[in-house]
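# Residue-level structure breakdown
Chain by chain, the residues run as shown.
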Amino acid sequence: MTDSKYFTTTKKGEIFELKAELNSDKKEKKKEAVKKVIASMTVGKDVSALFPDVVNCMQTDNLELKKLVYLYLMNYAKSQPDMAIMAVNTFVKDCEDPNPLIRALAVRTMGCIRVDKITEYLCEPLRKCLKDEDPYVRKTAAVCVAKLHDINAQLVEDQGFLDTLKDLISDSNPMVVANAVAALSEIAESHPNSNLMDLNPQTINKLLTALNECTEWGQIFILDCLANYTPRDDRESQSICERVTPRLSHANSAVVLSAVKVLMKFMEMLPKDLDYYGTLLKKLAPPLVTLLSAEPELQYVALRNINLIVQRRPEILKHEMKVFFVKYNDPIYVKLEKLDIMIRLASQANIAQVLAELKEYATEVDVDFVRKAVRAIGRCAIKVEQSAERCVSTLLDLIQTKVNYVVQEAIVVIKDIFRKYPNKYESVIATLCENLDSLDEPEARAAMIWIVGEYAERIDNADELLESFLEGFHDESTQVQLQLLTAIVKLFLKKPTETQELVQQVLSLATQDSDNPDLRDRGYIYWRLLSTDPVAAKEVVLAEKPLISEETDLIEPTLLEELICHIGTLASVYHKPPSAFVEGSRGVQHKRLPGSTESGESESPDTASAAAVSDAPPAVIPSQGDLLGDLLNLDLTPPTTTGPPPPASSGMQMGAMDLLGGGLDSLMGDESEPPPIPLRMDTPQSPQLPHQSPSPPDYSPTELGGDLGGSPAIGAGFGAPPAAMPASFSAPVSGGLDDLFDLGGGVGMPMGAYSAPKTVWLPALKAKGLEISGTFARRSGVIQMEMTLTNKAMSVMTDFAIQFNRNSFGLAPAGPLQVLTPLSPNQSIEVTLPLNTVGPVMKMEPLNNLQVAVKNNIDVFYFSCQYPISMLFVEDGKMERQVFLATWKDIPNDSEAQFQIKDCHLSSDAASNKLQGSNIFTIAKRTVDGQDMLYQSMKLTNGIWVLTEMRVQAGNPVYTVSLKCRAAEVSQWVFQSYEAVLKN
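Only a predicted model underlies this, so the values are computations on that prediction, with no experimental measurement involved. (Residues numbered from 1 in each chain as written. Predicted model: local features only at pLDDT ≥ 70, side-chain atom pairs only at ≥ 80, totals over all residues. Heavy atoms only, no water.)

## A short note on the overall build of the protein chain
- Across its full length, the protein chain carries 40 helices and 13 strands.
- Taken across its 984 residues, the protein chain has 49% of its residues classed as buried.
- Residue pairs in contact within the protein chain that sit at least 24 positions apart in sequence constitute 70% of those at least 6 positions apart.
- Within the structure as shown, the protein chain displays about 45000 Å² of accessible surface, and the carbon and sulfur contribution to it stands at 51%. (Helix = DSSP H or I, 4+ residues; strand = E, 2+ residues; numbered from the N terminus. Buried < 20%, exposed > 50% of the residue type's maximum accessible area, 1.4 Å probe, protein only. Contact = heavy atoms within 4.5 Å. Areas by Shrake-Rupley, 256 points an atom, 1.4 Å probe, with all protein chains shown as cover.)

And the structure:
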């Protein structure tokens, strides 16, 4: 008979009956009574009054009865903590029971009773169970440690359970290893800085050995742990990949995705010319394809993950296009996701197949799916140039179906095709105009208006078409109103005599009858442009449009890297980092792929404390602000004098500029000429009288940008050693460094200054075809930004100018960007920009971050790059020995940071020469116990002094560098410069 009978009774007075039964001498009756109690508890009745009677039943050998009592105990211990203590003795006793199932049951229940009073009594039983001879008990105890840590973290640490847990990683039983990893990972997530999972090659080897024999969930825990490890080199990376690859054929999709995550991460470290790299790519495709034969919900999760994988490595699935073709019975969410991946995999090789498929989808009944299919055809045209013609003819066929929403989507994508391939497919405009009356969606109407305005000279009745839209101007959406305003101004500039009345009508509607500030502002700007300078208006409004890029919906690279590290989790389904949907900081750690993290040693605890507690006066570095806002507030006009630049603290008057307008043009021509569009709007003049000269605009720099007086340079208050030695320095000094003064320098001739190889700062994909790669160098005392500008677009680029945002050390261009000849398509040019350090100052994160705006005739582009701090080391950075010693002693010890430089095989003299080339000067050298100690100083452009002691031992490739500086935040960047100079 089943246990359902226990849930059917609803008698009154039942508690008293149960009490009597629980105290019965007959074992069977007791068991029946406990079952009834658990049944009542399950349906929500309060049976807490029976707590002492149920606890008495714990003293039994019957495993089933014990389980029931423990279940009751877990439920009511929180509401009856004093009573729960009665059960502690039984727990302790059960933890020593000969039956391992009872020992494990006791330790599991102990972990589930979340009562502070009880936890301290559980430590001894738990300690015994962690070292139990039976693996089942050990694996249960491992999870119990994580539960106990959640209740009382301090207790767990004091009792040494964490060390025992780490020891369990070396356990002979794979399930114990998996549970230990799971427990440590859980604890590490709630304490991100605890460094519990100290992963090293030996530990990794143990985990990989256990991986083959674990249950599926144990494998997932181990794989997730492996994904947090960064291999030392490509050989270790390949070895781990080889041992993880068999997991790809597992039946559980979670194991497969965890294995894919590990492989995707470690592939970053494998050279692409390696044979194994190609083999691994081939092995990754079949398991991902297999996931698509599961039920729709699993398919969706797999597709969201594949979407990320394809963006990072499209070559994995480039031959698997057919599996992403939509099936008739797929749910809509699967269909849309498949469609997205099809576009990402579309290439010249498979475009015919894809287009045939998309045309089929466009005749489906599901409206959302059809819309996305039509858009996908347009995206194919933009992505694969050879297919553009076929795509356009396919879209025209779809327009002929006269299905309203198909026509509207087709018009929207044809507008984008016109932007990508100008003067190629304009013959289809007549067909588009025939469907004008059927358009009722704002996006389609706006697209059609753009087409009419852009090609007004080819459309005979363009003015009539636009006038028909103007009739219901105030009922249109803002998108349509803005597009209509621009289109009619374009039409007026192309056919001024016929459309004067029309343009006045639209300007009046936009400026006087509209409440929308965007529309009104655009109306005023056009009105002022047309009435002031029609030639300038023509250049602005009818300027050549930049070509649109093929992939506009790609995930931003740094976010993509983080999401790849979270494959198989919710983050990979949402396509958002965990911090975006997990409340609070617990469990949220930002992860990056190994190739993308910065190399260099982590800060020592000394550095961290030095950064936190410093005796230095308050820093004068303002906090970092908004990039665009700051860039718009900066002055782009070059210095007008050729003499030395004024000091940063002189409160320079900076002119105003508009990065999106003509403010940068002053770099190329006469600076005194006022810009064509003043920002103060007076009553507009009539555009039909271009010969009238308007009164000159009255604006001051303050009105546009205000006085942006320079700030004092970074570290001005950090107490650089003065020219005259202070009294404290002249006192007799004694100590470990005294004998510095009796030693020779041991410094040879300096080598040249190191400058890093060029890296891509601004990819062409983000800058409409302009690619900028560059580096920084210091030559003859001048900081230089050395750049290669490459034009990967189809049009000529001219009118280059550059501007920096405020930054930590006041870096600013010392003159305009000299690109003297137009940059033709596929041409590259080398440019050197001298820099000074008298610009505005603001502390950046990281400290050496530089945000840059570059303008050309196409647009303004923004990027950020990092300069090596060694560029700022000045030539007069060699400190007197006496001053060095006194300053070293004067800087508090908590401002000292220690770092290690590994794999460096230079002698101390060679290292000293190399560093002197970058203005790091050796003051003295001494040898103690076979170890060379170099004492060095350097001075930054803003007066900050950095003192170092470098220890070099012959035959030991690890150097130790101790840095002292009153501005502690500089230390880690100085160390990075040391490492870069010595290793290159």
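## Examining the sheet that holds strand S1 (residues 759-762)
- Ordered by their spatial adjacency, 5 strands build an open sheet running S1-S2-S3-S6-S5, and the pairing between neighbours is antiparallel. Strands with a single pairing partner mark the edges of an open sheet, and in this sheet they are S1 and strand S5 (812-813).
- As judged from the 10 bridges shared by strand S2 (residues 770-779) and strand S3 (residues 782-791), these two strands associate in the antiparallel manner. Bridging from a neighbouring strand, arginine 778 pairs with isoleucine 783 of S3. (Pairing = 2+ DSSP bridges.)

## Section: helix H10 (residues 135-151)
- Counted at 1.5 Å a residue, the expected span for H10 with its 17 residues is 24 Å, and the 25 Å between its end C-alpha atoms agrees.
- All buried positions along H10 are accounted for by Val137, Arg138, Thr140, Ala141, Ala142, Cys144, Val145, Ala146, Leu148, His149 and Ile151.
- Those residues of H10 hidden inside the fold are in contact with helix H7 (100-112), helix H8 (116-119), helix H9 (123-130), helix H11 (153-158), helix H12 (161-167) and helix H13 (174-190).
- Regarding H10, its N-cap is aspartate 134, as a side-chain oxygen of that residue lies 2.8 Å from the backbone nitrogen of tyrosine 136 further along. (Expected span 1.5 Å × (residues − 1). Polar contact = N/O pair within 3.5 Å; in protein donor to acceptor, adjacent residues only side chain to side chain.)

## Some remarks on the sheet that holds strand S9 (residues 896-901)
- Here we have 5 strands laid out as an open sheet, ordered S9-S13-S12-S11-S10, and antiparallel in their pairing. Whereas interior strands pair on both sides, the edge strands pair on one side only; in this sheet they are S9 and strand S10 (921-928). Strand after strand, the sheet turns through a mean of 20° between neighbouring axes, direction not considered.
- This element, helix H38 (residues 881-890), spans S9, S10, strand S11 (931-939), strand S12 (945-953) and strand S13 (959-965) of the sheet and lies at about 95° to S12.
- Here helix H39 (residues 908-916) sits on the sheet in contact with S10, S11, S12 and S13, set at roughly 5° to S11. (Axes fitted to C-alpha atoms, helices over the stretch in contact; angles between N-to-C directions.)

## Digging into the pattern of salt bridges
- Inspection of every chain in the model, using the stated rule, returns 33 salt bridges.
- As a salt-bridge pair, lysine 843 and glutamate 969 come within 3.7 Å of each other at their nearest N and O atoms. Highlighted residues: lysine 843 in the loop between strand S6 (828-836) and strand S7 (849-855) and glutamate 969 in the loop between S13 and helix H40 (971-983), separated in sequence by 126 residues.
- Overall, glutamate 969 belongs to the partly exposed group, its relative accessible area being 24%.
- Residues aspartate 909 and lysine 925 are paired through a salt bridge, measuring 3.0 Å at the closest nitrogen-oxygen approach. One end of the pair, aspartate 909, is in helix H39; the other, lysine 925, is in strand S10, with 16 residues separating them in the sequence.
- One salt-bridge network, in which partners are shared between bridges, spans Arg371, Arg375, Glu409, Glu441 and Glu443. (Salt bridge = Lys/Arg side-chain N within 4 Å of Asp/Glu carboxyl O.)

## Topic: the nonpolar core
- Formed by 211 residues in total, the largest nonpolar core has its most connected members in Tyr72, Leu126, Val244, Leu358 and Phe418.
- Here this core spans two domains, since at least three of its residues come from each of domain 1 (346-438) and domain 2 (441-546).
- If you look at the next biggest cluster of nonpolar residues, it comprises 63 residues, including Val819, Leu850, Tyr867 and Leu934. (Core = buried A, V, L, I, M, F, W, Y, C linked by side-chain atoms within 4.5 Å. Domains from an automatic or database assignment.)

## Details of the confidence of the model for the protein chain
- When pLDDT is averaged along the protein chain, the result is 78, and 81% of the positions lie at 70 or above.
- Within the protein chain, the element-level pLDDT minimum falls on helix H36 (residues 701-704), averaging 33, and the maximum on S5, averaging 93.
- Contacts for the low-pLDDT stretch residues 596-750, under 50 throughout, to residues beyond four places or in other chains number 254 contacts. (pLDDT = per-residue confidence, 0-100.)

## So, the environment of isoleucine 429
- Mapped onto the elements of the fold, isoleucine 429 is located in helix H25 (residues 429-434).
- Overall, the relative accessible area of 5% leaves isoleucine 429 in the buried class.
- Considered as a pair, isoleucine 429 and isoleucine 451 are 22 residues apart in the sequence and their alpha carbons are 7.9 Å apart.

## Some points on the packing of aromatic side chains
- Per the stated rule, a full pass over the model turns up 13 aromatic pairs.
- Judged by centre distance (6.3 Å) and plane angle (85°), the rings of tryptophan 450 and tyrosine 455 are edge-to-face.
- We classify tryptophan 450 as buried; its relative accessible area is 8%.
- Residue tyrosine 455 is classed as buried on the basis of its relative accessible area, which comes to 6%. (Phe/Tyr/Trp six-rings, centres within 6.5 Å; stacked < 30°, edge-to-face > 60°.)

## Thoughts on unusual backbone geometry
- Cis geometry marks the peptide bond from glutamate 845 to proline 846, where omega comes out at 0°.
- Positionally, proline 846 belongs in the loop between S6 and S7.
- Of note, lysine 768 is a non-glycine position whose phi angle comes to about 50°, a positive value.
- Relative to the elements of secondary structure, lysine 768 occurs in the loop between S1 and S2.

## Topic: H40
- Compared with the 18 Å implied by 1.5 Å per residue over 13 residues, the 18 Å span of H40 between its first and last C-alpha is a close match.
- All buried positions along H40 are accounted for by Ser971, Trp973, Val974, Phe975, Ser977, Tyr978, Glu979, Val981 and Leu982.
- Considering only its buried residues, H40 is in contact with S9, H39, S11, S12 and S13.

## Things to note about the packing of helix H27 (residues 462-470) against helix H28 (residues 478-494)
- Look at H27 against H28: their axes get within 11 Å of each other, and the N-to-C directions meet at 155°. Classed by the angle they form, the pair H27 and H28 counts as roughly antiparallel. The element H27 and its partner H28 pack so that their crossing is left-handed. Packed against H27, whose contacting residues are Ala462, Asp463, Leu466, Phe469 and Leu470, the element H28 presents Leu484, Ala487, Ile488 and Leu491 at the interface.
- Here the residues of the contact of H27 with H28 are counted per class, giving 8 nonpolar, no polar and 1 charged. (Parallel < 35°, antiparallel > 145°, perpendicular 65-115°, else oblique. Left-handed = near helix turned anticlockwise from the far one by under 90°. Nonpolar A, V, L, I, M, F, W, Y, C, P; charged D, E, K, R; others polar.)

## A short note on the pairing of S12
- Buried residues dominate S12, accounting for 7 of its 9 residues.
- As defined by bridge partners, S11 adjoins S12 across 9 bridges and the pair is classed as antiparallel. Each residue of the ladder has a partner; that of leucine 934, found in S12, is methionine 950.
- Between S11 and S12, which pair antiparallel one after the other, the connecting turn spans 5 residues, and glycine 943 there sits at a positive phi close to 95°.

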